[in-house]
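# Architecture at a glance
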Amino acid sequence: MANRLIFTITNVLILLCSSALANRPHLSWNETTAVAAASNAKGICESMVTLRGYPCEEHKVKTKDGYVLSIQRIPLGRGGGRKGNRVPVLLQHGLLMDGITWLLSPPDQSLALVLADNEFDVWIVSSRGSKYSRGHAYLKPEDEAYWDWTWDELSANDLPATFRYVHGQTGQKLHYVGHSLGTLIAMAALSKGELLSMLRSAGLLSPVAYVGQITSPLGRTAAENFIAEKLKWLGLHEFNPKGDAVTKFLKKICALRGVDCTNLLNSFTGKNCCLKPSIVDVFLDHEPQPSSTKNMMHVAQMIRDGTIRMYDYKDAGENRRRYGQPTPPAYNIENILKNVPLFLSHGGADSLSDVNDVSHLLRMLKHHDKDKIVVQFIESYAHADFVMGTNARQVVYEPLMAFFKLH
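Notes on the structure follow. (Residues numbered from 1 in each chain as written. Predicted model: local features only at pLDDT ≥ 70, side-chain atom pairs only at ≥ 80, totals over all residues. Heavy atoms only, no water.)

So, about the overall build of the chain. Along its length, the chain carries 16 helices and eleven strands. Taking the contacts inside the chain whose residues are at least 6 apart along the sequence as the reference set, 76% of them involve residues at least 24 apart. When the accessible area of the chain is evaluated, it comes to approximately 16,900 Å², of which 55% is carbon and sulfur surface. (Helix = DSSP H or I, 4+ residues; strand = E, 2+ residues; numbered from the N terminus. Contact = heavy atoms within 4.5 Å. Areas by Shrake-Rupley, 256 points an atom, 1.4 Å probe, with all protein chains shown as cover.)

If you want it as structure tokens, here you go:
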């Protein structure tokens, strides 16, 4: 009964939030500036890293289309040591998240801090439009043009800019870790032969490429009912599922005796095996984060079509103008070079990175060099376990670090 109650409340809240957002398309520029200023005054380093005893540096990276991304560097672990001889690792979060993804758990369970304590040079990026990456060379978040992007641009612009920056700062090739959408943008780039000169290996957690068979009730219902398209039609260019009133309400629900709020995540991600109920409260302090409505439309297209293609403008003339052909080009995963070291980890209970979709992805990689690919399957894991699971260090991160040390 409790599970059904939480699931019902979640669905109602999503509908209420969508309605409210549609009636209030944007923050004013003054409000947006105030929020951004407050966020930048206390960035991820100060709020999530240094208070735990780790050194941390704030960096900014500009993409070729003008977006200013926030990046944090954790050059050493709590035990100190020497800079300069550590191998860099870049961490890229998934959809509707930001760099805090990698810092939500205690220090001995958060991947960013585990890597730092194991002598890696850690770099965390937050995608355009999220709380700490709302800057742009000439656009404001209230401008429609600011939100005119999908994960196509994250793959083509944000990821290469971040790679070049980390490579330039360290003078070394880097390991990459992506979760969820963070895996998709990397595979899309690699399928086009990009990033290779700067990459040592890629860790893909809850890999998302083909999503035509996802079993997430919320994800599939939203896609099949064209929810994002309807929000775009209403003039909502920024998709922001988080509001203070909603967050406070959810926290009150989670504080009730007998209510396990991990079900809030389970209703979307699949039944996570290994989350503490208290992690949801931490999660709601920081997540979810905004994305573009156009990006949500792109993901919905992938769910409905079961393909990996660039954004479809649903107009042959516009597609031809953008792509030189009447339909959007496909990303061919089989084009990923067979000697690129890949570590893929997926879960049997994951309703976003569904086992059937991952099986399809693995078929596309069947000719990959056998000594260059590791596939880890964790029967009990769902989507959020990979970044917030209490045992993720032992189950996922230790094998991932061992893989890195071989490459």
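Don't stop here, the text continues.
It is worth spelling out the pattern of salt bridges at this point. Per the stated rule, a full pass over the model turns up 14 salt bridges. Put simply, Arg128 and Asp158 hold a salt bridge, and the shortest N to O gap is 2.5 Å. Linking Arg128 in the loop between strand E4 (120-126) and strand E5 (135-136) with Asp158 in helix H5 (residues 151-170), this pair joins segments that are 30 residues apart in sequence. Taking relative accessible area as the criterion, Arg128 reaches 2% and is therefore assigned buried. Taking relative accessible area as the criterion, Asp158 reaches 5% and is therefore assigned buried. For Arg309, the salt bridge identified is with Asp305, shortest N-O distance 3.4 Å. By relative accessible area, which is 23% here, Arg309 ends up partly exposed. Linked by salt bridges that have partners in common, Asp305, Arg309, Asp312 and Lys314 make up one network. (Salt bridge = Lys/Arg side-chain N within 4 Å of Asp/Glu carboxyl O. Buried < 20%, exposed > 50% of the residue type's maximum accessible area, 1.4 Å probe, protein only.)

The tally for this structure, following the rule as stated, stands at eleven aromatic pairs. Ring centres of Phe120 and Phe404 lie 6.0 Å apart, and the angle between their planes is 70°; this geometry places the pair in the edge-to-face category. Of this pair, Phe120 sits in strand E4 while Phe404 sits in helix H16 (residues 392-406), and the two are 284 residues apart along the sequence. The interplanar angle of 70° and the centroid separation of 4.8 Å between the aromatic rings of Tyr146 and Trp147 together place this pair among those described as edge-to-face. Each of the two residues, Tyr146 as well as Trp147, counts as buried. Site record: aromatic cluster; members linked through ring pairs are Tyr67, Tyr146, Trp147 and Trp149. One cation-aromatic arrangement involves Arg128 over Tyr67; the distance from NZ or CZ to the ring centre is 3.8 Å. Its guanidinium or amino end placed over the ring of Tyr311, Lys294 lies 5.0 Å from that ring's centre, counting from NZ or CZ. (Phe/Tyr/Trp six-rings, centres within 6.5 Å; stacked < 30°, edge-to-face > 60°. Lys NZ or Arg CZ within 6 Å of the ring centre and 35° of its normal.)

Further remarks concern the packing of H5 against helix H6 (residues 181-191). The interhelical angle for the contact between H5 and H6, taken along N-to-C directions, is 65°, at an axis separation of 9 Å. One way to sum up the angle between H5 and H6 is to call them roughly perpendicular. Crossing hand, H5 versus H6: right-handed. Seen from H5, the contacting residues are Trp151, Leu154, Ser155 and Leu159; seen from H6, they are Leu181, Leu184, Ile185, Ala186, Ala188 and Ala189. (Axes fitted to C-alpha atoms, helices over the stretch in contact; angles between N-to-C directions. Parallel < 35°, antiparallel > 145°, perpendicular 65-115°, else oblique. Left-handed = near helix turned anticlockwise from the far one by under 90°.)

Before going further, it helps to spend a moment on the pairing of strand E1 (residues 57-62). When E1 meets strand E2 (residues 67-74), the two strands line up antiparallel, connected through six bridges. Residue pairing across strands places Lys60 opposite Ser70, the latter belonging to E2. (Pairing = 2+ DSSP bridges.)

The next subject is the state of the cysteines. Using the criterion set out here, one finds two disulfides in the structure. Sulfur-sulfur distance for the disulfide between Cys45 and Cys56 comes to 2.0 Å. With the S-S dihedral at roughly -70°, the linkage between Cys45 and Cys56 falls on the left-handed side. In this pair, Cys45 is assigned in helix H3 (residues 44-49) and Cys56 in the loop between H3 and E1, connecting sequence segments eleven residues apart. For the pair shown, Cys45 and Cys56 are each scored as buried. Disulfide pairing is shown between Cys273 and Cys274; the S-S distance is 2.3 Å. Torsion about the S-S bond of the Cys273 and Cys274 cystine: about -90°, corresponding to left-handed handedness. (Disulfide = S-S within 2.5 Å.)

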